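Chains, contacts and geometry: an overview
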Amino acid sequence: MASASTNDIEFRSVTKSYGFVTAVTDINLNVPKGAFLALLGPSGCGKTTCLRMIGGFEQPSEGTVLIDGREMNGVPAYRRPVNMVFQHYALFPHFNVEQNVAYGLRQMRPRIAAGEINRRVGEALEMVRLGGFAKRRIHEMSGGQQQRVALARAIVNRPSVLLLDEPLAALDKKLRSAMQIELQTLQRELGITFVLVTHDQEEALSMADIVCVMSAGRIRQLGSPQEVYDRPADLFVADFVGKTNRVDATMEADGRTLRLGDGSALAASARQSVSPGQAIVAIRPEAIRLTRTPAADVASFQGTVTHRIFLGSSAEYAVTVPGLGDFLVTADRRDMNASELVEPGQTVFLGFNPAGAHVFSASSAA
Ligand SMILES: Nc1ncnc2c1ncn2[C@@H]1O[C@H](COP(=O)(O)OP(=O)(O)OP(=O)(O)O)[C@@H](O)[C@H]1O
Ligand SMILES: [Mg+2]
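Attention in this report is confined to the structure presented alongside it.

Quick word on the site of ligand 1
Lining the immediate environment of ligand 1, one finds 11 residues, of which Ser43, Gly44, Lys47, Thr48 and Thr49 sit closest. One of the side-chain N or O atoms of serine 43 is found 2.5 Å from an oxygen atom in ligand 1. Threonine 48 is positioned with one of its side-chain polar atoms (N or O) 2.7 Å from an oxygen atom of ligand 1. In the complex, 62% of the free accessible area of ligand 1, which totals 630 Å², lies under the protein chains. Looking at the shell around ligand 1, the element that brings in the most residues is helix H1 (residues 47-55), giving three residues. Partitioned by chemical class, the residues of the shell around ligand 1 number four nonpolar, six polar and one charged.

Some remarks on the pairing of strand E16 (residues 299-310)
Two strands pair when backbone bridges link them, and E16 and strand E19 (residues 347-352) are joined in this way by six bridges, in the antiparallel orientation. Paired with phenylalanine 301 across the two strands is leucine 350, which belongs to E19. Strand direction decides the pairing type here: E16 and strand E17 (residues 314-321), joined by six bridges, are antiparallel. Directly across from isoleucine 309, in E17, lies its bridge partner glutamate 316. Adjacent in sequence and paired antiparallel, E16 and E17 are bridged by three residues, among which glycine 312 carries a positive phi angle near 90°.

Things to note about the environment of glutamate 203
Locating glutamate 203 in the fold gives a position in helix H6 (residues 201-207). Sequence-wise, glutamate 203 and alanine 150 are 53 residues apart; in three dimensions their C-alpha atoms are separated by 19 Å.

Focus: the sheet that holds strand E20 (residues 358-361)
The five strands lie next to each other as E13-E12-E11-E14-E20, forming an open sheet whose pairing is antiparallel. Two strands in the sheet have a free side with no partner beyond their single neighbour: strand E13 (265-267) and E20. Neighbour-to-neighbour, the strand axes of this sheet turn through a mean angle of 40°, independent of strand direction. Looking at chain direction, strand E12 (residues 257-260) and E13 are connected through three bridges and run antiparallel. Paired with arginine 259 across the strands is alanine 265, a residue of E13.

Rules used throughout
Residues numbered from 1 in each chain as written. Chains lettered and ligands numbered in written order. Predicted model: local features only at pLDDT ≥ 70, side-chain atom pairs only at ≥ 80, totals over all residues. Heavy atoms only, no water. Near = heavy atom within 4 Å. Polar contact = N/O pair within 3.5 Å; in protein donor to acceptor, adjacent residues only side chain to side chain. Areas by Shrake-Rupley, 256 points an atom, 1.4 Å probe, with all protein chains shown as cover. Helix = DSSP H or I, 4+ residues; strand = E, 2+ residues; numbered from the N terminus. Nonpolar A, V, L, I, M, F, W, Y, C, P; charged D, E, K, R; others polar. Pairing = 2+ DSSP bridges. Axes fitted to C-alpha atoms, helices over the stretch in contact; angles between N-to-C directions.

As structure tokens, then:
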């Protein structure tokens, strides 16, 4: 179970190269026991490579991976206390559900008694809510059910770490949401460490308790979902984890005044202070209030709606502000009655509190 003092997985200065390609560079990472870690980043950033080094399917070129305090250099995959659900999960099509889940247990030496195998398989299938499906053939199962068979197969021998490489990528949106909740519940029930690879920021934020944002083989930020969303370490994280409006600005010599393209000025707080020169102000779409009359917000800009995207419970507006550029604004339906729905072409006012914005030096921009 979770224990704050011990790390289940640790990367110490890990670099992995394939010939001339460096897949990951100088990764340092501690994953506490029982944590749910998400490796999040765009395609090719090195997520699978990190997972495969934990699983023992790849060895670091430099540095060390430790599991439960033990150095894993040279320890083969089958000797590690981990199981992996691969990016393209492979079930045996000619076996039924039960046979697929039991396969690994049947290979174990010394042999496990048949009764014990049945008991454990039944338990694993219950865990993934497939209790009644033991005799079904794989091709008679839906994609989501097959996904759960792959999960049952990975948890049946009670690994201390479960590695999941984009396990929900093949599912439709509704099933994916349902499985996200089930995976979270499963992780709590089992009390083991989960490492999930995903390029879907919503999935990472909603499921994990630690998010590791990666780009180009490096860690950009490691923190709780709330930390990476509310306090992004750099512009890459701000852009990748959620939507962000970027406004070009110049930080004046005092280090406190941000001059915007329309000549207006914003006062930067100490936290927002960057070195004088080109800067970028990043504002979340939901941090901006869209009104039809000038609002009493700290900062207010007049613009014109160019597009409206209806999303059901909310609407997104694209608004052009002279001198500043295009903004994306999210408006919750609850905050706007029907008569307030704004049409493209209309003049609106964008209000926000600059204290909620993030300021980055343009030279740090990704
Ligand atoms: N066996 C290999 N030989 C050579 N290069 C490789 C190999 N495996 C991965 N790479 C390279 O290493 C980098 C990281 O790959 P990796 O598979 O870890 O990315 P990823 O973050 O999992 O991407 P995706 O989201 O597309 O699955 C990529 O540039 C990739 O081309
Ligand atoms: Mg991958």
